[in-house]
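# Structural overview
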Amino acid sequence: MKGLQAALLGSTGAVGQRYVSMLSAHPSIRLEVLMGGRSAGERYGKAARWLQAGGVPDEAASKKVLTSDPRNAEGCDVVFSALPAEAAAALEPKFAKSGLCVISEASAHRMDRDVPLVIPEVNPGHLALLETQKKRRGWRGSLVATPNCTATGLAMVMKPLLDDFQLDRAVVTTMQAVSGAGFPGVPSLLITENVIPYIKNEEEKVAVESKKILGTLADGGVAGSNVEVAISCNRVPVIDGHLETFYGEFAREVEPDGVKDSLSAFRGLPQKLRLPSAPERPIIVRDEPDRPQPRLDRLSGSVAGMSVVVGRVRRGLGNNSVQLTLVSHNTIRGAAGTAILTAELMEKQGHLGR
Ligand SMILES: NC(=O)c1ccc[n+]([C@@H]2O[C@H](COP(=O)([O-])OP(=O)(O)OC[C@H]3O[C@@H](n4cnc5c(N)ncnc54)[C@H](OP(=O)(O)O)[C@@H]3O)[C@@H](O)[C@H]2O)c1
C-alpha cells in the first residue's frame, strides 16, 4: 500500500477509541485528524475517557479534537466515521459531497440503495455500487457502510454455508457485550448479575442487513439474498465479544464435519491480496466442547480480533440442519477492524485518493 492519510469522526467513543488504538500500529494508514462532538477543542488524551488496556497512544493523546466539519478533513484519503446514527445521518453526506471518501460504522445509511454495505471477505464486489452512487448523488466523494457488529460475525459464517450447502434459513440467539452499546452504555445496576433480553432495533437491523450483505448486485442496487434470519438479541455482562448461537436449515443434507471443513477453508479477497488487516483464517473452528467463549476467543486470529471463532458444530433436528456457536469481537471485527480492512481493499482497487 502506498500509505493513506485518515480522519476519524466520533473519535472519543467506544468504537472511535478502537480505531485510535488499531491505527496507531497500522503499517500504512496514518490517523491525522481526530474529530468529536462535545469534546471538540480539547486534547484527545483528556477528552477520551479511555476504555482500553494500555493507555491512549502518545501521538493521539497530544492531538486536538477538531469539530466535525469536512474542512478539517481536507486532504485526507479516507474519513472513518464512528458517529451515532443521528449525527451520521446529517454529517456523513456533507463529507462525501465535499469530495471525501467516508467509511461508516453507523446504521444511518447502511440500507440506502446505492450505499455498499461491505465485509471485505464476503461481498467485496458490492463496492461497484460506488459508480452508481457518484452519478446518482453528484458527489465527488463516496460513502461506504460497514454492517452492525452482530450481523458481521453472522454473515461471515453464513457466506460459506450459503455457497457450499444452500443455507435456507437460520435461527440465531445472541449474547452481546456491553461495549456494543457505546459509553456510558447500559447502567451497571441494570446489567450486573443480569441478562437484558432486548436491544432496541438490533434484531431488525441484523435480519435486513444480512440479506443485503449476502445479496447480489442488480439494477444499481442489491437484490437481497433469500436467506431468512430469525434472531433474538440479549445484552450480557461481558465487556467485549458477541457470542451467537446459530441453528441453520439447508436445502439439502449436511454433515457437521462438512460444515466444519467449509468454514475452516473459507477465504476471501483480502486474504488473496494479503491486505495488512486480513487474518490468515477469517473463521477459526474449534473442537473443544466448551468453546468459543468471549473472554478466551475474542482476540483470536493472526490479526487479533479479526477472526470469527466457531465451535460446537453439531447436527440439528434432522439431516438438513446444523447448530453451532460463534464469537466475534464487536469493536474489532464488528466495527473498526472491518472498516480498516475495507479501506485497505478500496485503496488497492483505486477507490480512495485525494
Ligand atoms: N460499540 C460497538 O460495538 C459498535 C459496533 C458496530 C457499530 N457501532 C456503531 O458505531 C457508532 C459509534 O458507536 P460507539 O459505541 O463508539 O458510540 P459512543 O461511545 O456513544 O461514541 C459516540 C462518538 O460520537 C461523537 N458524537 C456524538 N454526537 C455527535 C455529534 N452530534 N457531532 C459530532 N460528533 C458526535 C462523540 O463525541 P463527543 O464525545 O465529543 O460528544 C463520540 O466520539 C454508532 O453508530 C454505533 O451504532 C458500534
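Provided above is the structure to which this section pertains.
Below you will find a few notes about this structure.

Rules and cut-offs
Residues numbered from 1 in each chain as written. Predicted model: local features only at pLDDT ≥ 70, side-chain atom pairs only at ≥ 80, totals over all residues. Heavy atoms only, no water. Buried < 20%, exposed > 50% of the residue type's maximum accessible area, 1.4 Å probe, protein only. Helix = DSSP H or I, 4+ residues; strand = E, 2+ residues; numbered from the N terminus. Contact = heavy atoms within 4.5 Å. Salt bridge = Lys/Arg side-chain N within 4 Å of Asp/Glu carboxyl O. Pairing = 2+ DSSP bridges. Axes fitted to C-alpha atoms, helices over the stretch in contact; angles between N-to-C directions. Near = heavy atom within 4 Å. Polar contact = N/O pair within 3.5 Å; in protein donor to acceptor, adjacent residues only side chain to side chain. Areas by Shrake-Rupley, 256 points an atom, 1.4 Å probe, with all protein chains shown as cover. Nonpolar A, V, L, I, M, F, W, Y, C, P; charged D, E, K, R; others polar. Domains from an automatic or database assignment. Phe/Tyr/Trp six-rings, centres within 6.5 Å; stacked < 30°, edge-to-face > 60°.

## Notes on helix α1 (residues 14–24)
- Along α1, the positions that sit buried rather than exposed are Ala14, Gly16, Gln17, Arg18, Tyr19, Val20 and Leu23.
- Turning to α1, the residues buried within the fold contact β1 (4–9), β2 (29–36), α2 (44–47), α3 (58–61), β4 (78–81) and α12 (332–348).

## Side note on the pattern of salt bridges
- Going through the model one piece at a time under the given rule, you end up with 19 salt bridges.
- Among the salt bridges present, the one from Glu209 reaches Arg110, with a minimum N-O distance of 2.8 Å. In this pair, Glu209 is assigned in helix α8 (residues 202–213) and Arg110 in the loop between β5 (101–104) and α5 (129–137), connecting sequence segments 99 residues apart. Each of the two residues, Glu209 as well as Arg110, counts as buried.
- Linking Arg315 and Glu255 is a salt bridge whose minimum nitrogen-to-oxygen distance equals 3.1 Å. Placement of Arg315 in strand β13 (residues 308–316) and of Glu255 in the loop between β11 (242–250) and α9 (256–265) is noted, with a sequence separation of 60 residues between them.
- For Arg315, a relative accessible area of 30% gives the class partly exposed.
- Note on Glu255: relative accessible area 47%, which makes it partly exposed.

## Some details on the sheet that holds β11
- Ordered in space as β10-β7-β11-β14-β13-β12, the 6 strands form an open sheet in which the pairing is mixed. Across the chains shown, the open sheet's two edge strands, defined by having one partner strand only, are β10 (228–235) and β12 (283–285). Going across the sheet, the axis of each strand differs from the next one's by a mean of 25 degrees, ignoring polarity.
- As defined by bridge partners, strand β7 (residues 167–176) adjoins β11 across 8 bridges and the pair is classed as antiparallel. By the bridge assignment for β11, Thr173 is matched with Thr245.

## Things to note about the site of the ligand
- Surrounding the ligand, one finds 28 residues, the nearest of these being Thr12, Val15, Gly37, Ser39 and Leu83.
- One nitrogen or oxygen atom from the main chain of Ala14 is found 3.0 Å from an oxygen atom belonging to the ligand.
- Between the ligand and Ser179 there is a distance of 2.9 Å, counted from a nitrogen atom to a backbone nitrogen or oxygen.
- Against a free-state accessible area of 910 Å², the protein chains account for coverage of 79% of the ligand.
- At the level of elements, α1, α4 (85–97) and α12 are the ones that each hand at least two residues to the shell around the ligand.
- Looking at the shell around the ligand residue by residue, the class counts come to 12 nonpolar, 14 polar and 2 charged.
- Mapping the shell around the ligand onto the domain boundaries places at least three of its residues in each of domain 1 (4–148 + 336–348) and domain 2 (149–329).

## Details of the pairing of strand β14 (residues 318–328)
- Of the pairings in the sheet, the one linking β11 to β14 comprises 8 bridges and is antiparallel in character. Note that in β14 the partner of Gly248 across the bridge is Val322.
- Bridge analysis of β13 against β14 gives 6 bridges, and the strand direction is antiparallel. The residue of β14 that forms the bridge with Arg315 is Val322.
- In this antiparallel pair of consecutive strands, β13 and β14, the connection spans 1 residue.

## Points about the packing of aromatic side chains
- Per the counting criterion, the structure on display carries 3 aromatic pairs.
- A centroid spacing of 5.0 Å and a plane angle of 35 degrees characterise the contact between Tyr19 and Phe80, whose relative ring orientation is tilted. Of this pair, Tyr19 sits in helix α1 while Phe80 sits in strand β4; the two residues are 61 residues apart in sequence, bridging distant segments of the chain. One exposure class covers both Tyr19 and Phe80, and it is buried.
- Measuring from ring centre to ring centre gives 6.4 Å for Tyr44 and Trp50, while their planes differ by 80 degrees; the resulting arrangement is edge-to-face.
- Trp50 sits in the buried class, given a relative accessible area of 19%.

Just distances and angles here, no functional claims.
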